[in-house]
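Read off the chains here:
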Amino acid sequence: MEIAIFILLISVIAGEVWLFLFIRKTENKIDKALGGADKKSIMKMLAHIVENHEKVEKDLKKLFNEDNKNKKAIEGTMQRMGVVKFNPFKDMGGEHSFSIAFLDGRDNGVVITQMYSTEGSKVYAKQIIEGKSAQQLSKEEQEAIKRAQS
């Protein structure tokens with residue numbers, strides 16, 4: 001029984017020595033990483049890091065807000081175009097007429113059709129709201145809108 005207690009005591013002492021050396025080694029690594037800085041300079045470094053973090057956070061929020069404003073503004077600009085050339089009169093050669101659709105990010109815009117004939121040329125414009133028009137669209141105008149949407 002006494003031998004078991006003695007072995008247990010030696011094991012505890014060996015564990016304490018190992019723990020002391022481990023802690024000392026860890027402290028040395030920390031000192032080396034911090035360049036031998038004292039508590040005051042470490043606190044200054046931490047305060048500086050927190051201050052910079054808060055500034056970066058504010059700047060990021062500002063950038064996200066500006067990005068959202070830009071996205072909304074871009075949606076309202078003409079971004080897409082679709083063109084269809086066609087021959088409305090079978091007795092004339094070539095595809096001299098066209099329909100062209102200009103749409104924004106919300107499918108709003110205009111479709112313009114130019115019809116060419118030997119007597120002259122006519123131009124029609126129709127407003128497009130969410131991909132549709134209040135006026136009847138020709139198949140060429142519908143195709144021009146479809147091309148602009150894709």
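Everything discussed here concerns the structure shown above.
Residues numbered from 1 in each chain as written. Predicted model: local features only at pLDDT ≥ 70, side-chain atom pairs only at ≥ 80, totals over all residues. Heavy atoms only, no water.

Trainee: Tell me about the nonpolar core, and please be specific about residues and values.
Mentor: Membership of the largest hydrophobic core is limited to nine residues, which are Val84, Ala101, Leu103, Val111, Ile128, Leu137, Ala144, Ile145 and Ala148. With three residues, helix α3 (residues 139-149) is the single largest residue contributor to this core. Aside from chain neighbours lying at most four places away, what touches alanine 101 is Arg80, Met81, Gly82, Val110, Val111, Ala144, Ile145 and Ala148. (Core = buried A, V, L, I, M, F, W, Y, C linked by side-chain atoms within 4.5 Å. Buried < 20%, exposed > 50% of the residue type's maximum accessible area, 1.4 Å probe, protein only. Helix = DSSP H or I, 4+ residues; strand = E, 2+ residues; numbered from the N terminus. Contact = heavy atoms within 4.5 Å.)

Trainee: Provide a residue-level description of the environment of leucine 8, including the pertinent values.
Mentor: Of note, leucine 8 is situated in helix α1 (residues 2-33). Residue class for leucine 8 comes out exposed when judged on its relative accessible area of 55%. The sequence separation of leucine 8 and aspartate 104 amounts to 96 residues, and the corresponding C-alpha distance is 81 Å.

Trainee: An account of the side chain of serine 117 is requested, with residue identities and associated values reported.
Mentor: Relative to the elements of secondary structure, serine 117 occurs in strand β3 (residues 109-117). Residues contacting serine 117, with those up to four places away along its chain left out, are Phe89 and Met92.

Trainee: For the pairing of β3, give the residues involved together with the corresponding values.
Mentor: Note that strand β2 (residues 97-103) and β3 share six bridges and pair antiparallel. Residue leucine 103 lies in a different strand from β3, and its bridge partner there is glycine 109. Following β2, the chain reverses through five residues before pairing antiparallel with β3; aspartate 107 in that reversal takes a positive phi of roughly 65°. (Pairing = 2+ DSSP bridges.)

Trainee: A description of the pattern of salt bridges should follow, citing residues and the corresponding values.
Mentor: With the rule as written, the count across this model stands at seven salt bridges. The partner of lysine 55 in a salt bridge is aspartate 59, and the shortest N-O contact between them spans 3.2 Å. One end of the pair is lysine 55 and the other is aspartate 59, both in helix α2 (residues 39-75) and four residues apart, which spans about a single turn. Across the pair aspartate 107 and arginine 80 runs a salt bridge whose closest N-O atoms are separated by 2.5 Å. (Salt bridge = Lys/Arg side-chain N within 4 Å of Asp/Glu carboxyl O.)

Trainee: Account for the environment of serine 121, with residues named and values stated.
Mentor: Here serine 121 shows up in strand β4 (residues 120-128). Distance from serine 121 to serine 97, taken between C-alpha atoms, is 8.8 Å for residues 24 residues apart in sequence. When residues no more than four places from it in sequence are discounted, the contact partners of serine 121 are Gln114, Met115 and Tyr116. Here the side chain of serine 121 touches glutamine 114 through a polar contact of 2.6 Å, side chain to side chain. (Polar contact = N/O pair within 3.5 Å; in protein donor to acceptor, adjacent residues only side chain to side chain.)

Trainee: Tell me what's going on with the packing of aromatic side chains, and back it up with residues and numbers.
Mentor: Tallied over the entire structure, the rule returns one aromatic pair. Between tryptophan 18 and phenylalanine 22, the ring centres sit 5.4 Å apart and the planes meet at 10°, which makes this aromatic pair stacked. A residue pair is termed a helical-turn pair when its members lie 3 or 4 positions apart in one helix, as tryptophan 18 and phenylalanine 22 do in helix α1 at four residues. (Phe/Tyr/Trp six-rings, centres within 6.5 Å; stacked < 30°, edge-to-face > 60°.)

Trainee: Outline the sheet that holds β4, supporting the account with residue identities and numerical values.
Mentor: Taken together, the four strands give an open sheet; going across it, the order is β1-β2-β3-β4, and neighbouring strands pair in antiparallel fashion. Two strands bound the open sheet, and with one partner strand each, they are β1 (80-86) and β4. For this sheet the average axis-to-axis angle between neighbouring strands, irrespective of direction, equals 10°. Relative to β2, β1 runs antiparallel, the two being bridged by seven bridges. Directly across from phenylalanine 86, in β2, lies its bridge partner serine 97. Each of β1, β2, β3 and β4 touches α3; the most contacted strand, β1, lies at about 145° to it. (Axes fitted to C-alpha atoms, helices over the stretch in contact; angles between N-to-C directions.)

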